[in-house]
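Okay, here's what each chain looks like letter by letter:
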Amino acid sequence: MLVVVALVAIGFSYLAWRFTRDDPVTYADSEEHFKYGSTGGERESGIPYWIWKVLPKMFPEYLPGKTYTPGTEYASLGFLYEPGNDLPIGVSRRNTQGIDRVFLNCAICHAGSVRGSPQSPRVIYTGMPSNTVDLEAFERFIFACASDQRFNAPRILAEMEGIGAKYDLINRLLLRYYAIPLMRERLLMLKGHFRFGDWEPDAGPGRTDTFNPAKTLLEFPLEKLETRELVGLCDLPSIWLQGPRKEKNIHAHWDGNNSMMEERNKSAAFGTGAFPPTIDLKQMARIEQWLLYKEPPKYPFPISDQLSAQGEKLYAQYCANCHGRNGRDFNGEYVGDIVPIDKIGTDRHRLDSYTEELAAVQNTLYAGYPWRFSHFRKTFGYVNLPLDGVWLRAPYLHNGSVPTLRDLMNPSTERPVVFYRGYDVLDPVKVGFVSDESRFDAEGRSKDERGNPRKYFRFDTQVKLGGETPRDRNEGNSNAGHEGPAYGTMLSSQEKDAIVEYLKTF
Amino acid sequence: MNLQPKIKRLLWVSAIVLVILVALGAFFTWAKFFREEKEVFANEEEHFKYGSLGAEGDRGIPYYLWMVLPRIFPDLMPGPGSYKSFGVVWEEGHEIPVGFSKKVVGFARITNNCAICHTSTYRLTEDEVPHVVVAGPGHTNNAQSMLRFLFKAAHDPRFNSDIIMNEIRLVNANNYGNGGLSFIDRQIYRYLLIPFTKKALLQQEKQFTWMERYVTGGKPKPHWGPGRDDAMNLTKYFMTSMAEDNTFGPTDFPSIWNLGVRSGKDNAGKQMLLNWTGDTPAVRSVLIDSALGLGAPARPWFLQRMADLDQYLSNLPPPKWPFAERNPINQQMASEGQKIYARDCAACHDPRAKFTNKVVPITEIGTDPERMYSWSKDAAAEANRRVKQLGIDRPPMVETQDPYGYVSPPLDGIWLRAPYLHNGSVPTLRDLLNSPTERPQTFHRGYDVFDPVKVGFKEPPPRPTGPTGELTQPYFLFDTTEKGNGNKGHTYGTQLSEQDKETLLEYLKTL
């Protein structure tokens, strides 16, 4: 009798230990931690590791590359793989409840890749806006998998074990009868939530719709949203030097809707699947600390001192008041201020996608915790941001509609109407990434790299007439604005070159 | 009986253990269900906006349940924005909207207070953050819509612990050490609070059947619409439990600033009356009866709170015309207008004047009589009796006669009290100066963009909605041909010349 009780107690304890297991993979080095560390997203939203590995094998037709490449399965989505890591940058791993699971972290949107030329090796920079990751394509991929009738527990289990997964009996049963069906349910729920993506143009690499997902998290009735708030696409931002930004009380997010760094971080963490009860505050704090003083890398090509000096004077006259003295000194009368939309004249869709209603209900996020959100505000313009590391932040303007700095110096009528996003080779003349239409073929492949199978994203800035939805009309990608005498677009070509040269020093 | 020492000891130990368990149980029950946390507010204004009236025991909804209801039932919401879509005012950075209080009585509970119906917002364009004015008419608040939502939700099969806890689990839960609802707290929600609230809402719905009853002729009662409620019927059916009748007396939520000017005796020593049909002689009584209507319990604390509110509201100055920069008042025109006002309006609208805060017989004023029909001296007598039973001593409602007309109030802050007349059937002051046939037959309520020329709120434009851009009008269509909504009467000043109307209007902006 006592033996039975003892056995039950031991069995129970083992199960309790196993199902309360919560072991993230951690990294001592801060840079590694940023790239691969966990925000806690796996706890609630985690995909079992082996499912992550096997989906591209089972459903290659849903990937842009249409092929399965073991080891770099998600590369055609722009995910970055480093040698020695079998998960790409931006994907973390944690054992929760006895199963290894993965999900996204900050680096998926805030780390990018850069090459000096098509032949150069790739350099990864953390803290820069991702220039290659097509988050929307990833979402579409995973939703397509979940909708496919081949996404069922017995088949997935078999396929996972076919590529090397070894699950013990308990995990097999758990996956077979609970976790995989639950995952399908959740993915289909998310797919429904993300239907707004069909109503706006494609995001493309390096862009996302920031705040319409926030509305779905709060279960706003999407069909009742005003049409003008449906396009929320914007460029991913850099996140270096948060400390100086804090000091200047800079309003951040493109429309300046939140001036508190810690809230923005937690708000973004929802994107990594981290909810108030599940966010890993300790790991987040590590990243927050690191970002306070993380500097952007230096421009890797030679800079002409003479031209740059000329540019410095022009910059001081035309740009410094709104953007700060230079890439490190953020002093300036209007730095961090919100410029009314009529004044800045850029595309207003991103501004309109953030609403009073959303700002109000965001006050309930993290309710019951000391860090309840209370700094979100509805604004009516876009923010003047500091330009630290601006050479890595292409394309430009809030919606990423201007490919290079030199293009931004021109009035919108002279800016490229169509260009390509997602390519990571630097353009040292115009400053940005190689994006000119002429460098890509009809399928979006680079003409400079015959062996590169990647198809890059054709970005069209023009609104189309007719059509039912903002997507049909290609709304939100306009490259107008930030132009006129005060913005230097009337200067001579040589003067514009000088300013761009100076910006390389940031 | 001589028990063995061993058994005696066992009994003693059991008794002590039992007592300890009962004590622990009592403490647990008190801590989880009754322990009150005192509210602290920076000032009277914050207290007015977010303070509790003590109604948690009667009407409190558990905080996290309240928070996630709009997320569980998005299809039952009028639009995006959680409770904001019902037109309640939600200040920047605040956890809950104005007019809501979050008070811990064991667990955090949400109830409403005066501010939900008595706080205004205005702005000059949609591209501005609305200005909040405390004690103003709650012209955007669609209280009936919110009530109906709660009842619909309570009937819905999705209102169950499984679905609701699935949502709450992601909002606040201490399952990974971040703090928040403990395991026990979550079980209390799951097994007690959620089922109990569902029952309570269904119970409360029974008290509102009169709201959904049909009027004669088989037509459903018109909606209250934003900024209005069926004031005296609410009082009648809640406070007196009199039999349902067919009356429907929709009433605009009034401003409640500067109440001192309506209390007591006028310049000639005559008693002034409040409420649209002159039902009450004292501010204190109106406050008490309204608060009781919100579920406030009649405890000693309650009377102190009413005294404090009386003090605050009686002395709260009305808001002055705020558009000095973009739409300043033409002072010269205003002083011309004052002459017209003194001649044609002052006798009924000047504070403490001869006819101010007195009943104007319906035959004279000619406005919609439904509100008048909805109250009676019998109802007043019954209400007085009930309040006395609760142990509250307050100046009694008028029992001597049935309502026979409407009271003319002072016009303090009149610029922000649109729409006009007791039933809010005339959208702007300029429209009120037109004869009834020229006043708008229909218009939209609930929009807070202000018209500084006509003085009132603008007509909201329909807007492209959803992915296909269908033009939709999300605001409430007010139809003056519906029962209770008539916009006739108060034809004073409608015969003035255009010029005179403009100057009079300019003066009214200064009040």
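Cut-offs and rules
- Residues numbered from 1 in each chain as written.
- Chains lettered and ligands numbered in written order.
- Predicted model: local features only at pLDDT ≥ 70, side-chain atom pairs only at ≥ 80, totals over all residues.
- Helix = DSSP H or I, 4+ residues; strand = E, 2+ residues; numbered from the N terminus.
- Rg over C-alpha atoms; globule rule 2.2 N^0.38 Å.
- Buried ≥ 20, exposed ≤ 12 C-beta atoms within 10 Å, placed from the backbone.
- Contact = placed C-beta atoms within 7 Å.
- Axes fitted to C-alpha atoms, helices over the stretch in contact; angles between N-to-C directions.
- Parallel < 35°, antiparallel > 145°, perpendicular 65-115°, else oblique.
- Left-handed = near helix turned anticlockwise from the far one by under 90°.
- Nonpolar A, V, L, I, M, F, W, Y, C, P; charged D, E, K, R; others polar.
- Pairing = 2+ DSSP bridges.
- Domains from an automatic or database assignment.
- Core = buried A, V, L, I, M, F, W, Y, C linked by C-beta atoms within 7 Å.
- pLDDT = per-residue confidence, 0-100.

Trainee: What should I look at first to understand the overall build of chain A in this one?
Mentor: Regarding its fold elements, chain A presents 18 helices and 14 strands. Expected size for 506 residues packed as a compact globule is a radius of gyration near 23 Å; at 24 Å, chain A falls within 12% of this value. Here chain A, with 506 residues, has 51% of them falling under the buried criterion. In chain A, once contacts between residues fewer than 6 apart in sequence are set aside, the share between residues at least 24 apart is 71%.

Trainee: What's the story with the packing of helix H9 (residues 231-240) of chain B against helix H10 (residues 283-293) of chain B in this structure? I'm lost.
Mentor: When two helices pack together, their arrangement is captured by the angle between the axes and the distance separating the axes. All names here are of chain B. In contact at an axis separation of 10 Å, H9 and H10 are set at 70 degrees when each is read in the N-to-C sense. Compared by their axis directions, H9 and H10 come out roughly perpendicular. Between H9 and H10 lies a crossing whose hand is left-handed. Residues Leu-234, Thr-235, Phe-238 and Met-239 of H9 form the contact with H10, whose participating residues are Asp-289, Leu-292 and Gly-293. Tallied by class, residues from the contact of H9 with H10 come to 4 nonpolar, 2 polar and 1 charged.

Trainee: Would you take a moment to explain the sheet that holds strand S1 (residues 61-62) of chain B for this structure?
Mentor: In any sheet, the strands associate via hydrogen bonds between backbone groups, in a parallel or an antiparallel arrangement. Residue and element names in this part refer to chain B. Taking strand neighbours across the sheet as the criterion, the 3 strands line up as S1-S3-S2 in an open arrangement whose pairing is antiparallel. Whereas interior strands pair on both sides, the edge strands pair on one side only; in this sheet they are S1 and strand S2 (100-105). In this sheet, strand S3 (residues 107-112) lies alongside S2 in antiparallel orientation, the contact comprising 6 bridges. Residue pairing across strands places Lys-102 opposite Ile-110, the latter belonging to S3.

Trainee: Quick question: what am I supposed to make of H10 of chain B here?
Mentor: Each full turn of the α-helix corresponds to 3.6 residues, which orients residues three or four apart in the same direction. Residue and element names in this part refer to chain B. Judged by how many residues are buried, H10 sits mostly within the fold: 9 of 11 residues are covered. Along H10, the positions that sit buried rather than exposed are Val-283, Ser-285, Val-286, Leu-287, Ile-288, Asp-289, Ser-290, Ala-291 and Leu-292. Gly-295 occupies a position one or two residues after H10 and carries a positive phi of about 95 degrees.

Trainee: Explanation requested: the interface of chain B and chain A in the structure shown.
Mentor: As a measure of interface size, the accessible area lost when the parts come together is often cited. Opposite the 35 residues of chain B that make contact, chain A presents 38 residues. In terms of residue class, the side of chain B that touches chain A is made up of 13 nonpolar, 15 polar and 7 charged.

Trainee: I tried to follow the domain arrangement of chain B on my own but got confused; where do I start?
Mentor: Residues and elements named next belong to chain B. As assigned here, chain B comprises domain 1 (1-34), domain 2 (44-116 + 143-212) and domain 3 (228-508). Inter-centroid distance (C-alpha atoms) of domain 1 to domain 2 is 38 Å. Taken together, the contact pairs 4 residues of domain 1 with 4 residues of domain 2. Residues that form the side of domain 1 that touches domain 2 fall into these classes: 3 nonpolar, no polar and 1 charged.

Trainee: Would you explain the environment of Leu-505 of chain B in this entry?
Mentor: All names here are of chain B. Its place among the elements puts Leu-505 in helix H18 (residues 498-508). For Leu-505, a count of 23 C-beta atoms within 10 Å gives the class buried. For Leu-505 and Tyr-341, which are 164 residues apart along the polypeptide, the C-alpha to C-alpha distance reads 9.3 Å. Ignoring sequence-local partners within four residues, the contact set of Leu-505 consists of Gly-337, Leu-429, Arg-430 and Val-455.

Trainee: Got a minute to help me understand unusual backbone geometry in this structure?
Mentor: Note on backbone geometry: most residues besides glycine have negative phi, and most peptide bonds are trans. Across the junction of Ala-394 of chain A and Pro-395 of chain A, the peptide omega takes the value -10 degrees, indicating a cis bond. Along the polypeptide, Pro-395 of chain A turns up in the loop between strand S10 (381-383) and helix H17 (405-408). The omega torsion of the bond from Ala-418 of chain B to Pro-419 of chain B falls at -10 degrees, within 30 degrees of zero and hence cis. If you trace the backbone, Pro-419 of chain B turns up in the loop between strand S9 (405-407) and helix H17 (429-432). Although it is not a glycine, His-482 of chain A sits at a positive phi angle of roughly 50 degrees. With respect to the helices and strands, His-482 of chain A occurs in the loop between strand S14 (457-460) and helix H18 (493-503). Classification of His-482 of chain A as buried rests on a count of 23 C-beta atoms within 10 Å. Even without being glycine, Ser-241 of chain B reaches a positive phi, approximately 45 degrees.

Trainee: What should I look at first to understand the nonpolar core in this one?
Mentor: Among the nonpolar cores identified, the biggest contains 201 residues, and Ile-51 and Leu-503 of chain A together with Tyr-64, Leu-65, Val-68, Ile-168 and Leu-508 of chain B are the most heavily contacted of them. No other element matches the 8 residues that helix H4 (residues 63-72) of chain B contributes to this core. Of the domains in this structure, domain 2 (44-116 + 143-212) and domain 3 (228-508) of chain B are the two that each give at least three residues to this core. Excluding anything up to four places from it in sequence, Leu-508 of chain B contacts Leu-411, Ile-414, Trp-415, Leu-429 and Val-455 of chain B.

Trainee: I'm lost on the packing of helix H12 (residues 331-344) of chain B against H18 of chain B in this one. Help?
Mentor: Residues and elements named next belong to chain B. Closest axis-to-axis distance for the H12/H18 pair is 7 Å, and the angle between their directions is 100 degrees. Accordingly, the angle class assigned to the pair H12 and H18 is roughly perpendicular. Across from Met-333, Ala-334, Glu-336, Gly-337, Gln-338, Ile-340 and Tyr-341 in H12, the residues of H18 making contact are Asp-500, Glu-502, Thr-503, Leu-504, Leu-505, Glu-506 and Tyr-507. Tallied by class, residues from the contact of H12 with H18 come to 7 nonpolar, 3 polar and 4 charged.

Trainee: Just checking my understanding: could you explain the sheet that holds strand S3 (residues 91-96) of chain A for this structure?
Mentor: All names here are of chain A. Overall, antiparallel pairing links the 4 strands, which are arranged S1-S3-S4-S2 in an open sheet. Sheet topology places strand S1 (22-24) and strand S2 (47-48) at the edges, where each strand pairs with a single neighbour. Sheet analysis places S2 next to strand S4 (residues 99-104), joined by 2 bridges and oriented antiparallel. Across the sheet, residue Pro-48 finds its bridge partner in S4, namely Arg-101.

Trainee: For this particular structure, what's the right way to read the confidence of the model for chain B?
Mentor: Interpretation of this model should avoid reading the predicted coordinates in detail wherever pLDDT is low. Here chain B averages 94 in pLDDT, while 99% of its residues score no lower than 70. Model confidence for the complex: the whole-complex pTM is 0.95, and ipTM, which rates the interface, is 0.94.

Trainee: What exactly am I supposed to notice about the pairing of S3 of chain A here?
Mentor: Looking along a regular strand, one sees the side chains alternate between the two faces of the sheet. Residue and element names in this part refer to chain A. Burial analysis of S3 places 5 of its 6 residues in the buried class, the great majority of the element. As paired elements, S1 and S3 share 3 bridges and run antiparallel to each other. Note on S3: the bridge partner recorded for Pro-24 is Arg-94. One ladder, built from 6 bridges, connects S3 with S4; its direction is antiparallel. If you follow Arg-94 over to S4, its bridge partner there is Arg-101.

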